[in-house]
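# Coordinate analysis (summary)
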Amino acid sequence: MLDRYGKKRALRWADVPSPDLREDEALVQVHAAGVNLLDSKIRDGEFKLILPYRLPLILGHDVAGVVVEVGPRVRQFKLGDEVYARADDFRIGTFAEFVPVKEASLALKPKALTMEEAASIPLVALTAWQALVERANLQRGQKVFIQAGSGGVGTFAIQLARHLGATVATTTSTTNVALVKRLGADVVIDYKTQDFEEVLRDCDVVLNSQDGKTLEKSLRVLKAGGKLVSISGPPDPVFGKQIGAPGFVKLVIRLLSAGIRRKARRRGVSYSFLFMKANGSQLREITRLFDAGVIRPVMDRVFAFESTNEALAYLEEGRAKGKVVVKMK
Ligand SMILES: NC(=O)c1ccc[n+]([C@@H]2O[C@H](COP(=O)([O-])OP(=O)(O)OC[C@H]3O[C@@H](n4cnc5c(N)ncnc54)[C@H](OP(=O)(O)O)[C@@H]3O)[C@@H](O)[C@H]2O)c1
């Protein structure tokens, strides 16, 4: 449990009652939980304005496990089903023995994957799907630049983009060049020794996950009409509207992204911020890709549940190759 927001504040062990199950939810016994930077950022208090959680709070967005109870309105899942999900905002809490998940956010887990592998997938896979398929409408033959190809989002996004028939460029450091090539990257830029701006041009889509400087440089590798989708901010007014932010938050959001939106307009490209959402039907499509062997999980480390704080700290070092997961038993 998180009692108070604070940078690197340790989560505390607690015995709590089983969570209440709503009519449209299934109770999942957690076998493994994926760890995401979103968990760290919420803990640190960085998301207070966007996701105003009430504390104490159980963190954890990704889960793989078994359905042990279903609400009366649940139709598609039954006891014993092996499932996975990205839990909905304001209903998170997968760093626990049980978590209720809305039926609409749940999917059957890919058959060939272990629980740990399955738990590593939902948040990053849905992020890549919502950025490349839903937002950018990435097409066969187009050129996409996916930053940080060796990370949680990157390892999935490269494989998805290749599956969609796009040419993929990515950045990583020397040690991970072979990994991203194996995943299907066509152009690999070692960011320690090369500047992507000098290598890339005329991209149709950029998936930005890095800092403000990288975001600005990304504008210059797009062709006219290209799309810059950022998952690391700054948030844009459409996002402010989507989350129903109060007036002053909307204003802050507008100001934060004013510069990049103006520069994008001048270059004839579009800028949008994506904050991914839970989505069971997209996750079912993703399950099919794993079942068909089109995409495979990339796992860095599995920690014991007792070491959840260590798992978060490890991820925060920023060197993970693929995903970090905690395992219940
Ligand atoms: N908005 C959303 O919905 C959403 C969803 C998911 C993630 N995110 C955000 O997206 C970002 C990435 O998430 P993630 O889960 O993929 O992170 P991650 O797994 O922690 O990323 C780690 C990877 O990043 C690489 N890396 C670090 N610095 C780099 C640089 N300057 N250039 C290229 N690669 C670099 C590292 O490779 P090396 O060791 O080789 O440097 C490492 O493999 C985070 O800020 C996260 O919060 C947002």
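Preceding this paragraph is the structure being described.
Described in the following lines is the structure provided in the data block. Note that the structure is a prediction, hence the values are computed from the model and not measured.

Time to look at the pattern of salt bridges. The tally for this structure, following the rule as stated, stands at 16 salt bridges. Its salt-bridge partner being Asp 186, residue Arg 162 comes within 3.1 Å of it at the nearest N-O pair. With a gap of 24 residues between them, Arg 162 in helix H4 (residues 152-163) and Asp 186 in the loop between helix H5 (177-183) and strand E8 (187-190) connect regions that are remote in the sequence. Taking the relative accessible area as the measure of exposure, Arg 162 reaches 38% and is therefore partly exposed. Residue Asp 186 is classed as partly exposed on the basis of its relative accessible area, which comes to 40%. Across the pair Glu 216 and Lys 263 runs a salt bridge, and its minimum N-O distance is 2.9 Å. A residue pair is termed long-range when its members are at least 10 positions apart, and Glu 216 in helix H7 (residues 212-219) and Lys 263 in helix H9 (residues 247-267) qualify at 47 residues. Glu 216 sits in the partly exposed class, given a relative accessible area of 31%. Because the salt bridges share partners, they merge into one network encompassing Lys 7, Lys 8, Arg 43, Asp 44 and Glu 316.

As for its placement among the helices and strands, Gly 154 is situated in helix H4. In contact with Gly 154, not counting residues within four places along its chain, are Ile 146, Ala 148 and Gly 149.

We now examine the site of the ligand. Neighbouring residues of the ligand: 24 residues in total, closest Gly 152, Ser 173, Tyr 191, Met 276 and Ala 320. Between the ligand and the protein, one listed contact pairs an oxygen atom with a side-chain N or O atom of Thr 172 at 3.4 Å. Note that a nitrogen atom of the ligand is positioned 3.0 Å from one of the backbone N or O atoms of Ile 231. A total of 930 Å² of accessible area belongs to the ligand in isolation, and the protein chains cover 86% of it. Of all the secondary structure elements, the ones that give two or more residues to the shell around the ligand are helix H1 (37-44), helix H3 (122-135), H4 and strand E7 (167-172). Residues of the shell around the ligand, tallied by class, amount to eleven nonpolar, eleven polar and two charged.

This next bit is on the packing of H3 against helix H10 (residues 280-291). Interhelical geometry of H3 versus H10 gives an angle of 100 degrees and a closest axis separation of 10 Å. Classified by the interaxial angle, the pair formed by H3 and H10 is roughly perpendicular. Judged by residue contacts, Pro 122, Ala 125, Leu 126, Trp 129, Gln 130 and Glu 134 of H3 engage Gln 282, Leu 283, Glu 285, Ile 286 and Leu 289 from H10. Residue classes in the contact of H3 with H10 are distributed as seven nonpolar, two polar and two charged.

Right, let's talk about the sheet that holds strand E9 (residues 203-208) for a bit. The strand order E8-E7-E6-E9-E10-E11 describes an open sheet built from six strands, whose pairing is parallel. In this open sheet, the two strands that pair with only one neighbour each are E8 and strand E11 (270-273). For this sheet the average axis-to-axis angle between neighbouring strands, irrespective of direction, equals 15 degrees. Relative to E9, strand E6 (residues 143-146) is paired through three bridges, and the arrangement is parallel. Residue pairing across strands places Val 144 opposite Val 205, the latter belonging to E9. Together, E6, E7 and E9 form the strand contacts of H4, whose direction differs from that of E6 by roughly 170 degrees. Running at roughly 155 degrees to strand E10 (residues 222-230), H7 makes contact with E9, E10 and E11 of the sheet.

Here is what the cut-offs are and how they apply
- What you see as residue numbers is a count from 1 along each chain, following the sequence as written.
- Where local features are concerned, this predicted model is filtered to residues with pLDDT of at least 70; where side-chain atom pairs are given and counted, the filter is 80 or more; whole-chain, interface and lining totals use all residues.
- Note that the side-chain values use all heavy atoms of the structure and ignore hydrogens as well as water.
- In the sections that follow, a salt bridge refers to a side-chain nitrogen of Lys or Arg positioned within 4 Å of a carboxyl oxygen of Asp or Glu.
- Going along the chain from the N terminus, every DSSP run of H or I of four or more residues is numbered as a helix, and every run of E of two or more is numbered as a strand.
- For every residue, the accessible area (1.4 Å probe, protein chains only) is compared with the maximum for its type, and the residue is labelled buried under 20%, exposed over 50%, or partly exposed between those bounds.
- Residues count as neighbours in contact if any of their non-hydrogen atoms are within 4.5 Å of one another.
- Summary of the distance rule: residues count as near a molecule or strand when at least one heavy atom falls within 4 Å of that molecule or strand.
- Two N or O atoms count as a polar contact when they lie within 3.5 Å, although within protein this holds only if one can serve as hydrogen donor and the other as acceptor, and sequence-adjacent residues are included solely when both atoms are side-chain atoms.
- What sets the accessible areas is the Shrake-Rupley method with a 1.4 Å probe; for residues, cover comes only from the shown protein chains.
- Think of it as three bins: nonpolar holds Ala, Val, Leu, Ile, Met, Phe, Trp, Tyr, Cys and Pro, charged holds Asp, Glu, Lys and Arg, and polar takes everything else, Gly as well.
- In this analysis an axis means a line fitted to C-alpha atoms, helices contributing only their contacting stretch, and an angle means the value between N-to-C directions, from 0 to 180 degrees.
- Roughly parallel here means an angle under 35 degrees, roughly antiparallel means over 145, roughly perpendicular means 65 to 115, and every remaining angle is called oblique.
- Only when DSSP finds a minimum of two bridges between them are two strands counted as paired.

Read these as layout, nothing more, since geometry by itself doesn't imply function.
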